[in-house]
Amino acid sequence: MRTRSTGNRGTHEPIRTCIGCRTRTWASDLLRVVAEDGRGAVPDPGRRISGRGAWLHPDPACLRSAERRRAFSRALRVRGQLDGTTVQAYVEQVAHEQANTGFSRTGQLKEAGRPVMNQP
């Protein structure tokens, strides 16, 4: 597993793959999503909910791609289609906040066509 140092001695950040665009990038740039009771996918921005997680850019385009490809149920190993309304609401809220601030790390990643691997 490739990691980057976060500045603290012995602390590293893993690289994960977005289930929407299939781009490998730092875990801090992605939203973790977990299955709740096998029926719905819920966002886990704090990365504290137990269970298997799937990783997604907090970008509506990546969310649409993941839903179209049925990537949530496959990545979370759940049979049937998961209800992603809470994930969709969270991603829309993040996109709205980024539009208001004018800064989008996800947009930078998409423009480059590959992940930005900055060393601290």
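Look up a bit, the structure's there.
So, a few notes on the structure that sits alongside this text. (Residues numbered from 1 in each chain as written. Predicted model: local features only at pLDDT ≥ 70, side-chain atom pairs only at ≥ 80, totals over all residues. Heavy atoms only, no water.)

**Focus on the pairing of strand 5 (residues 40-43)**
Line of reasoning, step 1. The side-chain alternation of strand 5 yields two buried faces, one formed by Gly40 and Val42 and the other by Ala41 and Pro43.
Line of reasoning, step 2. Here 4 bridges tie strand 4 (residues 31-36) to strand 5, and the two strands are oriented antiparallel to one another. Bridge pairing links glutamate 36 to glycine 40 in strand 5.
Line of reasoning, step 3. The antiparallel pairing of strand 4 with strand 5 creates a hairpin that spans 3 residues between the two strands, and aspartate 37 there sits at a positive phi of about 60 degrees. (Buried < 20%, exposed > 50% of the residue type's maximum accessible area, 1.4 Å probe, protein only. Helix = DSSP H or I, 4+ residues; strand = E, 2+ residues; numbered from the N terminus. Pairing = 2+ DSSP bridges.)

**Things to note about helix 3 (residues 85-101)**
Two residues of an α-helix separated by three or four positions point the same way, owing to the 3.6 residues in each turn.
Line of reasoning, step 1. Over its 17 residues, helix 3 extends 24 Å from the first C-alpha to the last, a length consistent with the 24 Å expected when each residue adds 1.5 Å.
Line of reasoning, step 2. Of the positions making up helix 3, those classed as buried are Val87, Val91 and Val94. Here the buried residues of helix 3 occupy an arc of 60 degrees about the axis, which is enough to place them on one side. In this structure, helix 3 carries His96, Ala99 and Asn100 as exposed residues pointing more than 90 degrees from its buried face.
Line of reasoning, step 3. In the core, the buried residues of helix 3 are packed alongside strand 4, strand 5, strand 6 (53-56), helix 1 (60-68) and helix 2 (71-76). (Expected span 1.5 Å × (residues − 1). Arc of directions from axis to C-beta. Contact = heavy atoms within 4.5 Å.)

**Side note on the pattern of salt bridges**
Line of reasoning, step 1. In the structure shown here, the tally under the stated rule is 2 salt bridges.
Line of reasoning, step 2. A salt bridge links aspartate 44 to arginine 32, with the shortest nitrogen-to-oxygen separation between them at 2.5 Å. Residue aspartate 44 is found in the loop between strand 5 and strand 6, and its partner arginine 32 is found in strand 4; the two are separated by 12 residues along the sequence.
Line of reasoning, step 3. The class for aspartate 44 is buried, based on a relative accessible area of 3%.
Line of reasoning, step 4. Here arginine 39 ties to aspartate 37 by a salt bridge, and the two come within 3.1 Å at their closest N and O atoms. Each member of the pair arginine 39 and aspartate 37 is classed as exposed. (Salt bridge = Lys/Arg side-chain N within 4 Å of Asp/Glu carboxyl O.)

**Comments concerning the nonpolar core**
Line of reasoning, step 1. The biggest cluster of nonpolar side chains holds 21 residues, and the ones touching the most others in it are Ile19, Leu56, Phe72 and Val87.
Line of reasoning, step 2. Those elements that provide at least two residues to this core are strand 4, strand 6, helix 1, helix 2 and helix 3.
Line of reasoning, step 3. Per-element tally for this core: the top contributor is helix 2, with 4 residues.
Line of reasoning, step 4. In this structure, leucine 56 is in contact with Cys18, Ile19, Gly20, Leu30, Leu31, Cys62, Leu63, Ala66, Phe72 and Val87, ignoring residues within four places of it in sequence. (Core = buried A, V, L, I, M, F, W, Y, C linked by side-chain atoms within 4.5 Å.)

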